[in-house]
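Descriptive structure summary
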Amino acid sequence: MKRPALRLVLALALPVLLVTVWWFASAGSTDVYRPPLRTILTTFPDVWTGERLRADVLPSLLRLLAGYAAAAVLGVALGTVIGSYRRVRAVCEPVLEFLRAVPPPVLVPVIMLFAGIGDTMKVAVIASGCVWPVLLNTVEGVRAVDPVLSETARGYGITGAARLRHVVLRSASPQIFTGLRQALSIGIILMVISEMFAASNGLGFTIVQFQRQFAIPGMWTGILLLGLLGFLLSVVFQLVERRVLGWYHGLRASSRRSP
Amino acid sequence: MLDVRGLRKVYEGAGRRVEAVRDLTFTVGAGELVCLVGPSGCGKTTLLKCVAGLLAPTAGEILLGGRPVTGPPPGMAVVFQEYGRSLFPWMRVGENVELPLKQQRMPKARRRELVADALRSVGLTDAAGAYPWQLSGGMQQRVAIARALAYEPDVLLMDEPFAAVDAQTRADLEDLVRGLWRARGITVLFVTHDIDEAVYLGERVLVLSASPTVVREQLSIDLPSERDQLHTRVAPRFAELRTQVYAQVQAAKRGAAVPAADVRTPTPPAT
Ligand SMILES: Nc1ncnc2c1ncn2[C@@H]1O[C@H](COP(=O)(O)OP(=O)(O)O)[C@@H](O)[C@H]1O
Ligand SMILES: [Mg+2]
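I will try to describe carefully the structure that is included in this document. (Residues numbered from 1 in each chain as written. Chains lettered and ligands numbered in written order. Predicted model: local features only at pLDDT ≥ 70, side-chain atom pairs only at ≥ 80, totals over all residues. Heavy atoms only, no water.)

Observations concerning the pairing of strand 8 (residues 187-192) of chain B
Where a strand is regular, its side chains alternate between the two sheet faces. All names here are of chain B. The buried count for strand 8 comes to six of six residues, which makes it a mostly enclosed element. Along strand 8, one buried face is formed by T187, L189 and V191 and the opposite face, lined by V188, F190 and T192, is buried too. Where strand 3 (residues 33-37) lies against strand 8, five bridges are found, and the strand directions are parallel. By the bridge assignment, V34 is partnered in strand 8 with L189. Bridge analysis of strand 7 (residues 155-159) against strand 8 gives five bridges, and the strand direction is parallel. Note on strand 8: the bridge partner recorded for V155 is T187. Once you follow strand 7 into helix 6 (residues 167-184) and on to strand 8, the crossover reads as right-handed. (Buried < 20%, exposed > 50% of the residue type's maximum accessible area, 1.4 Å probe, protein only. Helix = DSSP H or I, 4+ residues; strand = E, 2+ residues; numbered from the N terminus. Pairing = 2+ DSSP bridges. Right-handed = clockwise from strand over helix to strand, strands pointing away.)

Quick look at the structure:
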């Protein structure tokens, strides 16, 4: 019982410290660009009303979700094909390396040319940035399927779709989740950036709006909300991962005990 | 039942050419328990994988019930040497045993029954809900055996299955395999590098030469079919057979071309 309590204290110590420092350091600030934390916090409930959450935060989240889901499906599907066939890999690898090296935000103007400035563009931007870590990690995971396991499955007639589902994807799932985790933070960044370029609503749009109107405390609340959102999404992600990869963490813990 | 004729397997890869098996010919009769012994690296695993249809031979053929083996034949189960790596770590023990049956579209009730039976016969009823990595090495190997049993194979191939378990567990597992073989009348090809184990388990022992591999000797094990760890292993006949196999294996390791005549008892290859 003592352990989780201690962990909680340790996890909260630094955030509490930082907020405290921010609070006192900004307390007497008269600089318009750096309002006191106190002002920001009192502005928060005024800015982020139910209406605003519905009109700006929800659209952002839906775009993120759509782009992220598309990237996950595409990345795992392509990654499985590329990882499974040596020939396909040899053909695709140079192209993949190139595409991966392109910073995703530069795709925004390009994608705008094809997909306009609507939701399609934003979803496409998010998907095109998120897909690489998922794809590349899936390729690695699929390649690394243990040959003994693979032969065991073949010997028992587990082939085709059953092999994919029970052996290949499960075996690659730790790497797939690594990719999904990297993709999540990329997705949030691209969500904001795509909304800063051309949008009529959304979190990124709102933050830029505030900045242009010199509503500085409002701008800061937007940044705070983004941070909270990112934190929340990563907590949800961890909960899902812990469920799906329970076996993997157990396996690793047991091999650490008896190497 | 199982006919291996002129089997040859050469691994080719990256400028390296390894002739793992040169020319193997032997048969295993239906319901027979045959042990294969040979020095390590002589191609035992290679042979087993060819028989299991997991590797294509370079030359020669393998017939199972008169039909050539071209892929994993139905009705054959393999227990690999690396038991820890042959169990699916994301599945519980029960699911591991059940998966091959699911693949055969067997009704759920029947599956349940077979899984429970198999786990009971290896003494792991209580472990059905555990993950493989929560079990000891010996228990993991028993799960792999249970999975093979639940599959109800006609032919069971085992590749040094007890090489990495402690002596006590090993003795238990040996008795388990022999008991199951007698109870179910399956055909078993058991690979080991342990001479005592081969003599204790087998009805017949095939000694392989060192690489390039051929069958060096075949010995019928004329011990009573009722065997137990305590009495069988101290029987004078056991000691004699053991000595014969030992001499053959030693000669195989030295790569002697002609078997030492004084320890060789002519035994007609039982089929
Ligand atoms: N996949 C492979 N590629 C190349 N050489 C191999 C491969 N598998 C086994 N060998 C070689 O074939 C020989 C026989 O190996 P193996 O069948 O594992 O022997 P055993 O099981 O009797 O110890 C060894 O020299 C080994 O290095
Ligand atoms: Mg081997």
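Structural notes on the interface of chain B and chain A
Contacts between the two partners involve 25 residues from chain B, matched on the other side by 22 residues from chain A. When chain B packs against chain A, the two sides together hide about 2,200 Å² of surface, and 65% of this comes from carbon and sulfur. Ranking the residues of chain B by area buried against chain A places R85, W90 and W133 of chain B at the top, with a combined share of 34%. The interface formed by chain B and chain A includes two salt bridges. D146 of chain A is paired through a salt bridge with R85 of chain B; the nearest N and O atoms lie 2.8 Å apart. On the surface where chain B and chain A come into contact, there are six residue pairs in polar contact (both at pLDDT 80 or more). For the side of chain B that touches chain A, the secondary-structure elements that each account for two or more residues are strand 6 (76-79), helix 2 (83-86), helix 3 (93-103) and helix 5 (137-150) of chain B. Split into classes, the residues belonging to the side of chain B that touches chain A amount to 18 nonpolar, three polar and four charged. (Contact = heavy atoms within 4.5 Å. Buried area = accessible area lost by both parts, 1.4 Å probe. Salt bridge = Lys/Arg side-chain N within 4 Å of Asp/Glu carboxyl O. Polar contact = N/O pair within 3.5 Å; in protein donor to acceptor, adjacent residues only side chain to side chain. Nonpolar A, V, L, I, M, F, W, Y, C, P; charged D, E, K, R; others polar.)

Structural notes on the packing of helix 2 (residues 37-47) of chain A against helix 10 (residues 216-244) of chain A
All names here are of chain A. The contact between helix 2 and helix 10 brings their axes to 9 Å, and the two run at 80 degrees. For the element pair helix 2 / helix 10, the angle class is roughly perpendicular. Contact residues: T39, I40, L41, T43, F44 and V47 in helix 2; P217, G218, W220, T221, L224 and L225 in helix 10. Across the contact of helix 2 with helix 10, the residue classes break down as eight nonpolar, four polar and no charged. (Axes fitted to C-alpha atoms, helices over the stretch in contact; angles between N-to-C directions. Parallel < 35°, antiparallel > 145°, perpendicular 65-115°, else oblique.)

Topic: helix 2 of chain A
Residue and element names in this part refer to chain A. Here helix 2 has its buried residues at L37, I40, T43 and V47. Across the axial projection of helix 2, the buried residues extend over an arc of 120 degrees, all falling on one side. More than 90 degrees from the buried face of helix 2, the exposed residues found are R38, P45 and D46. (Arc of directions from axis to C-beta.)

Describing unusual backbone geometry
Phi at F214 of chain A takes a positive value of approximately 55 degrees, unusual for a residue other than glycine. Overall, F214 of chain A belongs to the exposed group, its relative accessible area being 57%. The backbone of E152 of chain B shows a phi angle near 50 degrees, a positive value even though the residue is not glycine. Considering the arrangement of structural elements, one finds E152 of chain B in the loop between helix 5 and strand 7. Classification of E152 of chain B by relative accessible area gives partly exposed; the value is 41%.

Side note on the site of ligand 1
Within the structure, ligand 1 sits among Y11, R16, V18, A20, S40, G41, C42, G43, K44, T45 and T46 of chain B. When the residues that make up the shell around ligand 1 are grouped by side-chain class, the tally is four nonpolar, five polar and two charged. (Near = heavy atom within 4 Å.)

Focus on the side chain of S194 of chain A
Residue position: S194 of chain A is located in helix 8 (residues 160-197). Setting aside chain neighbours within four positions, we find S194 of chain A in contact with M121, K122 and V125 of chain A.

What about the sheet that holds strand 6 of chain B?
Residues and elements named next belong to chain B. Spatial strand order, 6-7-8-3-9-10: six strands in an open sheet with mixed pairing. A strand with exactly one partner marks an edge of an open sheet, and here the two such strands are strand 6 and strand 10 (215-220). Strand-to-strand twist across the sheet, computed as the mean angle between neighbouring axes with direction ignored, equals 15 degrees. Pairing of strand 9 (residues 204-208) with strand 10 involves five bridges; the strand directions are antiparallel. Its bridge partner lying in strand 10, L208 is registered against V215. Lying on the sheet, helix 9 (residues 236-254) is in contact with strand 3, strand 9 and strand 10; it crosses strand 10 at an angle near 175 degrees.

Some remarks on the pattern of salt bridges
Residue and element names in this part refer to chain A. The full count for this structure, using the stated rule, is 29 salt bridges over all chains. The closest approach of N and O atoms between R63 and E195, which form a salt bridge, is 2.7 Å. With a gap of 132 residues between them, R63 in helix 3 (residues 50-84) and E195 in helix 8 connect regions that are remote in the sequence. When its relative accessible area of 6% is taken as the criterion, R63 is described as buried. Taking the relative accessible area as the measure of exposure, E195 reaches 1% and is therefore buried. Put simply, E241 and R181 hold a salt bridge, and the shortest N to O gap is 2.6 Å. Of this pair, E241 sits in helix 10 while R181 sits in helix 8, and the two are 60 residues apart along the sequence. Judged by its relative accessible area of 9%, E241 is buried. The partly exposed category is assigned to R181, whose relative accessible area is 41%.

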